[in-house]
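Survey of secondary and tertiary structure
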Amino acid sequence: MNRKVTVRKNLITRLQSVFFGFIVLVPLNFLTFQSALGELRVDITRGTVKPLPIAVTNFIGKTQQEIESGQSISGVIRANLERSGLFQAIDNQAFIDVERSLDTVPQFQNWRILNAQALVQGQVTLIPNNRMRVQFRLWDVFAQQQMIGQVYTTIGTNWRRISHIVADAIYKRVTGEEGYFDSRIVYIAETGSLMRRIKRLAIMDQDGENHHFLTDGSSLVLTPRFSPSRQEITYMSYHGKVPRVYIFNIDTGRQEVLGDFPGMTFAPRFSPDGNTVIMSMAKDGNTEIYKMDLGTRQAKRLTRHSAIDTSPHYSPNGKYIVFNSDRSGTQQIYIRNAKGKKVKRISFGKGRYATPVWSPRGDLIAFTKMAGGKFYIGVIGVDGKGERLLADGFLVESPTWSPNGRVIMFFREIPKGKLGDKETKIYSIDLTGQNEREIVTPMEASDPAWSPLIP
Amino acid sequence: MRSSFLMSLLLHVTVVLLSVIGLPYLQRSPAKENIPMVVELVSIGSETNLPAQPYEKPKPKIKEAKPPKPLPSKPETKVVLKQKRPEPISKILSEPKPTVKRDLKPKPVAKPKRKLKRVAPKKLAKITPRRKPTPPDPFALVLKNLEKEIKTTQIAKKPKKKTKRKKSDFEQQIAKVLTRRSINDTSSSRITMTEMHAMINTIRTAIMPCWNLQPGAKGAQNIVVIIGASLNPDGRVTRAWVKNRSVLIEDPFKLAAAETAQRAILNQACQPFKLDPKKYDIWKDVTLNFNPSEMFGR
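Residues numbered from 1 in each chain as written. Chains lettered and ligands numbered in written order. Predicted model: local features only at pLDDT ≥ 70, side-chain atom pairs only at ≥ 80, totals over all residues.

**Observations concerning the pairing of strand S11 (residues 232–237) of chain A**
Residues and elements named next belong to chain A. Of all six residues in S11, six are buried, a share of seventy percent or more. In S11, alternate side chains face the same way, and those of Glu232, Thr234 and Met236 on one face and Ile233, Tyr235 and Ser237 on the other are all buried. Judged from the four bridges that link them, strand S10 (residues 221–226) and S11 form a sheet pairing that is antiparallel. The residue of S11 that forms the bridge with Arg225 is Thr234. Counting the residues that bridge the hairpin from S10 to S11 gives five residues. In this sheet, strand S12 (residues 244–249) lies alongside S11 in antiparallel orientation, the contact comprising six bridges. Across the sheet, residue Met236 finds its bridge partner in S12, namely Val245. Here S11 hands over to S12 after six residues, with Gly240 in that stretch at a positive phi of 75°. (Buried ≥ 20, exposed ≤ 12 C-beta atoms within 10 Å, placed from the backbone. Helix = DSSP H or I, 4+ residues; strand = E, 2+ residues; numbered from the N terminus. Pairing = 2+ DSSP bridges.)

Here is the structure:
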């Protein structure tokens, strides 16, 4: 009884308080007051995602040859930055003013009118013994200050690589992430009809230039992977009609079979230090994961399970291995300790998961997914959370990360008119799922593998 | 007989209800829930009763502070990133001399503004005696003396008197504020809550399209950049600087994120901010917290 009375009293009290508050406080709320903090504080929690407008001027020179080299270099820089999707290169035709010297501060107002937020200026000087000096400055147009300035000296034929290095420096300074332009792609170049397909190992710069073949196409090659520390590539080849893992030295052109395994070996990848190759071996209807020490050539079996374990890939710190297995009934992604036996499943979505590839940044794993009659390229956190599908198609496969873990390259097979006929091309896509671009190759291409930054 | 009994009953019920609802202070103990409301009332009340402070309008001074043009002189040497790649590197470029950075700061304008601010609270303190009844009535003085002599026995009655006084004071203050406000409406040091929110919204919506973020970067959602900015009376930003630069400078990504925020506030495409020039004193200095956590999941 007492309790009821108390509740009623409280209710009345509350009603009165509300009434009092309404009558007195609400008008008060609209009365004037002075800012107690003294300074206006504004929280900005949203922005836009747009490419940064950047002006890359033609690098200046004194002689005609220097001027031409300067134009070529700035052209490569501009193309690199634009291809990344994070920059929007302003058309040179729109430039109001082009500085004549690299030693004077630009007239920033002339660049602000164009809404250029960053400005790149440079100079090329040819020096004796066929060498050249390339210098550049990156300016913050709004803050009106230099962000970075560097000088490089190299042989004249190396101008393209210098361009990539300059583009990397600009990319890093503006985004805070490492660049990836001074890197290469190895892939499988495909020619011929479906029944007589010729697959050759080919290599090119990440922008498609300096393209050349590494093998002659006499034997089928698949799944090439770069060594992180040496100019070596590991891949699977059907040389001698038995599929085996090989190692190819880019500098010498020499290739050798990796180990004498009793079964078929495939899906090889280097460890982060480049001293070990991890791969799958199929024997007696079961597939397990093995690793081989490249120094001692000793092989060690890592998995023992009646299910198929394949597509192994080391984490960037070498402590873990991600692989796919059908031990739970369907093909899913698992992580295990490199040295222990503890295994953890990380993918639980509908469909089958394959070819997991650990990001160089360490936070994500890229994969191929098959669901609903379609293929997808996606990423998932190492804890199994945050799965995102970035690209899809009739057949998309073989994701590979850029050295900075920002871009994923993969190949897409597009069916053509006739039954069974198809076209295979390489594409790149930003981690956010934006900026999908075709990588132009001289012929059809599949199985790309991105190199680390060239040392 | 019966009707008179009913009338009496109705009357009694009415009296009882009135005593319960109309005179609540006699019965109830103060509810705990009211405490935070009281605190809020005091803080607003103390500020709302402030009279307008005369101040010098800073407009003419600020007009002088035009953004200086970059000087075409020689470079000053500054440390730049070291180049690690082996092949081609020989030197690192030094920055051209005539850096405009420091010269940009409109120092002479900023100082007088802050002085103005400091003056305000002092004068506010003087005003507190406003609560006293204005005409010193001799009869009231006599009453006061009597009260001093009596002191002891009337403890129970005191709170009633106090509350009455407070109420009357309070009403007077509200009345004063209302009348003053109508007179001194041009004061830039005063602002309503609605106006304050409108100001914040104006700046926020102006800057958001110019804050160009880097999605996909590792840990991008955890970065908080604090930018300080000084504004001209026309709503344009004269200067912007990263307040927590020391925290961010060690990580190239954080530094880059800080610079995107700085560019956002310096981007003239998103200016001028359409703010009330009469309230310039409020928005001449702004602190902006850039935090993209709301935007990025993973």
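**A few points about the packing of helix H2 (residues 64–83) of chain A against helix H4 (residues 159–175) of chain A**
Residue and element names in this part refer to chain A. Contact geometry of H2 with H4 gives a least axis separation of 9 Å together with a crossing angle of 45°. One finds that H2 runs oblique with respect to H4. When the axes of H2 and H4 are compared, the crossing they make is right-handed. In this structure, H2 contributes Ser69, Ser72, Ile73, Val76, Ile77, Asn80 and Leu81 to the contact, and H4 contributes Trp159, Arg160, Ile162, Ser163, His164, Val166, Ala167, Ile170 and Tyr171. Looking at the contact of H2 with H4 residue by residue, the classes come out as ten nonpolar, five polar and one charged. (Axes fitted to C-alpha atoms, helices over the stretch in contact; angles between N-to-C directions. Parallel < 35°, antiparallel > 145°, perpendicular 65-115°, else oblique. Left-handed = near helix turned anticlockwise from the far one by under 90°. Contact = placed C-beta atoms within 7 Å. Nonpolar A, V, L, I, M, F, W, Y, C, P; charged D, E, K, R; others polar.)

**Section: the sheet that holds strand S28 (residues 422–430) of chain A**
To summarise the sheet geometry, strands pair through backbone hydrogen bonds and adopt either a parallel or an antiparallel arrangement. All names here are of chain A. Strand order across the open sheet formed by four strands is S26-S27-S28-S29, with antiparallel pairing between neighbours. For this open sheet the edge positions go to strand S26 (395–401) and strand S29 (437–439), each flanked by a neighbour on one side alone. Averaged over all neighbouring strand pairs, the angle between strand axes comes to 35°, with direction disregarded.

**With respect to unusual backbone geometry**
With an omega dihedral of -5°, the bond running from Gln271 of chain B to Pro272 of chain B counts as a cis peptide bond. Positive phi, close to 55°, is recorded for Gln144 of chain A, a residue that is not glycine. The residue Gln144 of chain A is located in the loop between strand S5 (131–140) and strand S6 (145–155) in this model. One non-glycine residue, Asn210 of chain A, adopts positive backbone phi at about 55°. Its location among the elements puts Asn210 of chain A in the loop between strand S8 (198–205) and strand S9 (212–213).

**A look at H4 of chain A**
Residue and element names in this part refer to chain A. Taking 1.5 Å of rise per residue, the 17 residues of H4 would be expected to cover 24 Å, and the 24 Å separating its terminal C-alpha atoms lies within 8% of that figure. A large share of H4 lies buried, amounting to 14 of its 17 residues. Of the residues flanking the end of H4, it is Gly176, one or two places downstream, whose phi is positive at about 85°. (Expected span 1.5 Å × (residues − 1).)

**Structural notes on the confidence of the model for chain A**
The predicted model of chain A has a mean per-residue pLDDT of 89, with 91% of residues at 70 or higher. The model gives residues 24–37 of chain A a pLDDT under 50, and that stretch makes 26 contacts with residues more than four places away or in other chains. (pLDDT = per-residue confidence, 0-100.)

**Thoughts on the domain arrangement of chain A**
Residue and element names in this part refer to chain A. Under the domain assignment, chain A is made up of domain 1 (52–175) and domain 2 (184–450). Each of domain 1 and domain 2 was reduced to a C-alpha centroid, and the two centroids are 36 Å apart. Residue-level contacts link five residues of domain 1 with six residues of domain 2. Take the side of domain 1 that touches domain 2: its biggest share by element is three residues, from H2. Each residue belonging to the side of domain 1 that touches domain 2 can be placed in one class, and the counts come to one nonpolar, two polar and two charged. (Domains from an automatic or database assignment.)

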